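# Structural characterization, general
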Amino acid sequence: MATEDDTSAWRRFVFGDEQLPDPDYPLDHVPGTERKGLVSISAVLLGFVFFAGTIWAGAEVGAAMGFGPMLTAMAVGYAILGVYVATLCGIAAKAGLTTVLLARYSFGRWGAKFADFILGGTQVGWFGVTIPMVAIPTATFFGLDTPTFTAALILLWGVLHLATAYFGYEGMETLSLVAVPILVLVGLLSIGIAVQDVGGFSGLFSAPGTSEMGFAAAVTIVVGTFISGGTQAPNWARFASSTRVGFWAGLIAFLVGNGFLFLSGAVGGSVYDVTPAGDLYEVLAAQGLAAVGLIALVLNIWTTNDNAAYAFGVAGSEAFEFDRKRPFILVGGAIGIILALVGADSLLLPWLSTLGQYVPPLGGVLIADFLLCWRMRVPKMGDVRFANVRWTGVLAYAVGAIVAVLTAGQVVPGLAAPQVLPGPAGAALNGLVAAFLAHVVIYYLLEANGVFGGHDVDPDAERL
């Protein structure tokens, strides 16, 4: 029979110290006393973007186009991605709010629940499809790649990925400050060895592409690698000490950091014939650095997956309007581990495709709303009586999602739709731009003229 002390211990584990506010403020503005500097924010965001899928994308584009043309496509693509995410990070730093709380301003109290589902629910799936990416190579490295041992490793890594998210921003910051410098050094080492093995930079640039890939298609892949994940970046950038710090941290992570990872994949994929092409672990193993490769892979996946767990934690807090994120991290993580155990990793590419269609239009609405409608003069949440549904944002998102569907030619992978719109920059960017433009037009034509209702803001509201 459970004693009162046992019950108290479990409550503390699940909810934390209930006498104190959640240190990550999942339902409120982050106060000025809890804000962080550029190094801290950049480290967490860099940990988030250091993901093996970006390396594979770099290898794919580099092999198809050749190294020189790939560099041009990479520069254009990451300029687009970097500016998009940096803008969202600057907005989040100004408001001190997560992506889903920003969505409450743009979509209304109940409209934001859809954002919770898209941004939080999909991250549960991401958590599940990603754990095997480190569990399976770990089992292979130790020569124990049996189903039982692999399942045990999935459980182990899943719990560890949850652990840093469980401790919130500080847990992820601690891991990232250790992992990011190691991953950068390993990446530079691997690039150096690869360039030497291929006969120098002349050998690297002389290798022709193996297949036809147009410039627009390459830019689409570059932008698509993290545009959906970048829409979640406000979850951490809201801790930035100023709008400028948030903006530059986003730019450093999503332009420089993501670009570096993409470049390392392109170099590895050009020099070594491994499967998947450019794979971090396989390339380092081919260079005689298998143990280093495993350590790098562990850190690579861990620093991304704990961010996914944190994202569904804060989304759950907003969805249920409960000021504790830990219960949602634990429940969502348990679901993700179960998905990993039943083989959800085979759905990684379809999952990325789905995220790339339906998440970016949310970001387009948020940027348009806070820059051109609120004009960055954001009232504090306590001074706003939120409309249940803000139709301006909802309709703009619908326009963006439809444009993305008609660009991609699919509703979801396996369910086709007419592909009637040109996609020189891909469904993700098309949907984002369409939602941005639609929100501005609908706001100034309909909401600003009183046709659509908006939120009721206190005339004496404190502006952030």
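All values derive from a computational prediction rather than experimental measurement.

### Remarks on the overall build of the protein
Helix and strand content of the protein: 21 helices and four strands. The C-alpha radius of gyration of the protein comes to 22 Å, within 12% of the 23 Å expected for a compact globule of 464 residues. For the protein, the spread of C-alpha atoms along the principal axes amounts to about 70 × 65 × 40 Å. For the protein, the proportion of its 464 residues judged to be buried stands at 56%. Restricting to contacts in the protein with at least 6 residues of sequence separation, those with at least 24 account for 84%. Roughly 18500 Å² of accessible area belongs to the protein as shown, and the carbon and sulfur atoms make up 68% of that amount. Charged side chains in the protein number 19 positive and 31 negative. The centres of these two groups are separated by 12 Å.

### Side note on helix H9 (residues 168-197)
Spanning 30 residues, H9 covers 42 Å between terminal C-alpha atoms, matching the ideal 44 Å at 1.5 Å per step. Along H9, the sharpest kink reaches roughly 30°, centred on Ser-176.

### A short note on the environment of Phe-13
Considering the arrangement of structural elements, one finds Phe-13 in helix H1 (residues 4-15). Phe-13 sits in the partly exposed class, given a relative accessible area of 38%. On a C-alpha basis, the gap between Phe-13 and Arg-326 in space is 8.5 Å, while along the polypeptide they are 313 residues apart. Discounting residues that sit within four places of it in the chain, Phe-13 has contacts with Tyr-166, Arg-326 and Leu-330.

### A closer look at the nonpolar core
Within the largest apolar cluster, 132 residues are counted, with the highest numbers of intra-cluster contacts made by Tyr-105 and Phe-254. Per-element tally for this core: the top contributor is helix H4 (residues 67-95), with 14 residues.

### Side note on unusual backbone geometry
The backbone of Tyr-25 sits at a positive phi, close to 50°, despite the residue not being glycine. With respect to the helices, strands and loops of the structure, Tyr-25 is situated in the loop between H1 and helix H2 (38-49). Residue classification places Tyr-25 among the buried positions, given a relative accessible area of 18%. We note that Met-376 has phi near 65°; this positive angle belongs to a residue other than glycine. For Met-376, the location among the structural elements is in the loop between helix H19 (360-373) and strand S1 (384-385). By relative accessible area, Met-376 is classed as buried at 19%.

### Observations concerning the side chain of His-455
Within the fold, His-455 resides in the loop between helix H21 (426-447) and strand S4 (456-457). Within the local environment of His-455, its side chain forms a polar contact with the backbone oxygen of Tyr-105, the two atoms lying 2.6 Å apart. Leaving out residues up to four positions away in the same chain, His-455 has contacts with Arg-104, Tyr-105, Gly-108, Trp-374, Val-384, Arg-385, Phe-386, Ala-387 and Arg-390.

The rules behind each value
Residues numbered from 1 in each chain as written. Predicted model: local features only at pLDDT ≥ 70, side-chain atom pairs only at ≥ 80, totals over all residues. Heavy atoms only, no water. Helix = DSSP H or I, 4+ residues; strand = E, 2+ residues; numbered from the N terminus. Rg over C-alpha atoms; globule rule 2.2 N^0.38 Å. Buried < 20%, exposed > 50% of the residue type's maximum accessible area, 1.4 Å probe, protein only. Contact = heavy atoms within 4.5 Å. Areas by Shrake-Rupley, 256 points an atom, 1.4 Å probe, with all protein chains shown as cover. Lys, Arg positive; Asp, Glu negative; His and termini not counted. Charge placed at Lys NZ, Arg CZ, Asp CG, Glu CD. Expected span 1.5 Å × (residues − 1). Bend = angle between axes of the 7 residues up to and from the residue. Core = buried A, V, L, I, M, F, W, Y, C linked by side-chain atoms within 4.5 Å. Polar contact = N/O pair within 3.5 Å; in protein donor to acceptor, adjacent residues only side chain to side chain.

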